[in-house]
Amino acid sequence: MHRRPRRDRPGLVIILVTGTDTEVGKTIATAALAARATGTVAVVKPAQTGVGPDEPGDLAEVRRLTGLTELHEGIRLRDPLAPTTAARRARVPLPSVESQAKSIDDLARSHDSVLVEGAGGLLVGLDGDGNDLSDLATHLTAPFTFVVVARSGLGTLNHTGLTVEALRSRNLPIDGLIIGSWPAEPDLAEQCNLEDLPVTTGVPVIGRIPAGAGRLDREAFLAAAPGWFG
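Residues numbered from 1 in each chain as written. Predicted model: local features only at pLDDT ≥ 70, side-chain atom pairs only at ≥ 80, totals over all residues. Heavy atoms only, no water.

Attention now goes to the nonpolar core. Ranked by internal contacts, the top residues of the largest apolar core, which has 38 residues, are Ile 14, Leu 16 and Phe 146. The element that contributes the greatest number of residues to this core is helix α4 (residues 97-108), accounting for five residues. Those residues in contact with Ile 14 that sit more than four places away from it in its chain are Ile 104, Asp 105, Ala 108, Val 114, Val 116, Leu 140, Ala 142, Pro 143, Phe 144 and Thr 145. One finds Val 24, Val 43, Leu 65 and Leu 115 within the second-largest nonpolar core, a separate group that totals 28 residues. (Core = buried A, V, L, I, M, F, W, Y, C linked by side-chain atoms within 4.5 Å. Buried < 20%, exposed > 50% of the residue type's maximum accessible area, 1.4 Å probe, protein only. Helix = DSSP H or I, 4+ residues; strand = E, 2+ residues; numbered from the N terminus. Contact = heavy atoms within 4.5 Å.)

Structure representation (structure tokens):
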């Protein structure tokens, strides 16, 4: 059963960053959202897979690009798989989405913005019961919204539409779509998708991250990021 999000604390906002698939640019989009945010910002990665204990993960990339130090990683698993699968193979328990939501709510009490980067797509399992990012959201008490990071090319209309439909069916708020890697010279399909995504999903495209943005140094990234939205 999904609970409606509480809206009794309008001054605090949690942004849950999900994607239409893996490798669509969620981490760079999360860093860009952090770069344009005002006030105190924390970034959370509930589950990181595909990295060893001493290897840099997604939050290290956020730190490199933004300089943020309020970075909170939940569980880390070596296999590059969905968290539920990687945890099963490693024979380690995953924290419940209820406990993950409580940790995020705690951060929201002391920060102006909390960005939460999911794992893979929306319905990828995050705990031992198979609950996903949408389930985690229903346990939050601070106000929250979702942004969906999508591809620019062929297939994105279907994948983005399915993700938006899944969020709407759960009565979860959506702030907008972000194209995770926008080419310098978009082809015909990409140009049409930019026009068609808001029409087919009913959700605006609020940002376009230039292809290769993750290769920028911190100064250039921070200066450019606000211009990728709007």
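Here we come to the UniProt feature "active site" (unreviewed entry) in the protein. Cross-referencing UniProt, the feature "active site" (unreviewed entry) maps to Lys 45 in the present numbering. Mapping Lys 45 onto the fold places it in strand β2 (residues 41-49). Apart from residues no more than four positions distant in its own chain, Lys 45 is found in contact with Asp 58, Leu 59, His 72, Glu 73, Gly 74, Glu 117, Gly 118 and Ala 119. Within polar-contact distance, the side chain of Lys 45 engages the side chain of Glu 117 at 3.1 Å. (UniProt positions renumbered as here; feature names shortened; annotations may be inferred. Polar contact = N/O pair within 3.5 Å; in protein donor to acceptor, adjacent residues only side chain to side chain.)

Summed over all chains, the structure comprises two aromatic pairs. Geometrically, the ring pair formed by Phe 144 and Phe 146 is edge-to-face, given 6.3 Å between the ring centres and 80° between the ring planes. Judged by relative accessible area, which is 0%, Phe 146 ranks as buried. Its guanidinium or amino end placed over the ring of Phe 229, Arg 36 lies 4.3 Å from that ring's centre, counting from NZ or CZ. (Phe/Tyr/Trp six-rings, centres within 6.5 Å; stacked < 30°, edge-to-face > 60°. Lys NZ or Arg CZ within 6 Å of the ring centre and 35° of its normal.)

For Thr 27, the location among the structural elements is in helix α1 (residues 26-36). Given a relative accessible area of 13%, Thr 27 falls into the buried group. With residues up to four places along the chain from it excluded, the contact list for Thr 27 reads Asp 58, Glu 61, Val 62 and Glu 117.

Attention shifts here to the sheet that holds strand β4 (residues 113-121). One key point about sheets: their strands pair by backbone hydrogen bonds, in either a parallel or an antiparallel sense. Strand order across the open sheet formed by seven strands is β3-β2-β4-β1-β5-β6-β7, with parallel pairing between neighbours. The open sheet is flanked by β3 (71-77) and β7 (205-210), the only strands paired with a single partner. With strand direction ignored, the average angle separating the axes of adjacent strands in the sheet is 20°. Summarising the sheet, strand β6 (residues 174-182) and β7 pair through four bridges and their orientation is parallel. In the sheet register, Ile 178 faces β7, and the bridge partner there is Gly 207. Packing against the sheet, α1 makes contact with β1 (13-19), β2, β4, β5 (144-150), β6 and β7, and its axis sits at approximately 170° to β4. (Pairing = 2+ DSSP bridges. Axes fitted to C-alpha atoms, helices over the stretch in contact; angles between N-to-C directions.)

Even without being glycine, Arg 91 reaches a positive phi, approximately 60°. Checked against the element boundaries, Arg 91 lands in the loop between α3 (83-90) and α4.

Turning next to the UniProt feature "binding site: Mg(2+)" (unreviewed entry) in the protein. Under the present numbering, the feature "binding site: Mg(2+)" (unreviewed entry) in UniProt falls on Thr 27, Asp 58 and Glu 117. The largest pairwise C-alpha distance within this set of annotated residues, which runs over 91 residues, is 9.1 Å, so the set is compact in three dimensions. Assignment of secondary structure puts Asp 58 in helix α2 (residues 58-66). When neighbours within four sequence positions are excluded, Asp 58 is seen to be in contact with Thr 27, Lys 45, Gln 48 and Glu 117. For Glu 117, the location among the structural elements is in strand β4. Glu 117 sits in the buried class, given a relative accessible area of 2%. Discounting chain neighbours no more than four positions away, the residues touching Glu 117 are Val 17, Lys 26, Thr 27, Thr 30, Val 44, Lys 45, Pro 46 and Asp 58. A polar side-chain atom of Glu 117 sits 2.7 Å from a polar atom in the side chain of Thr 27.

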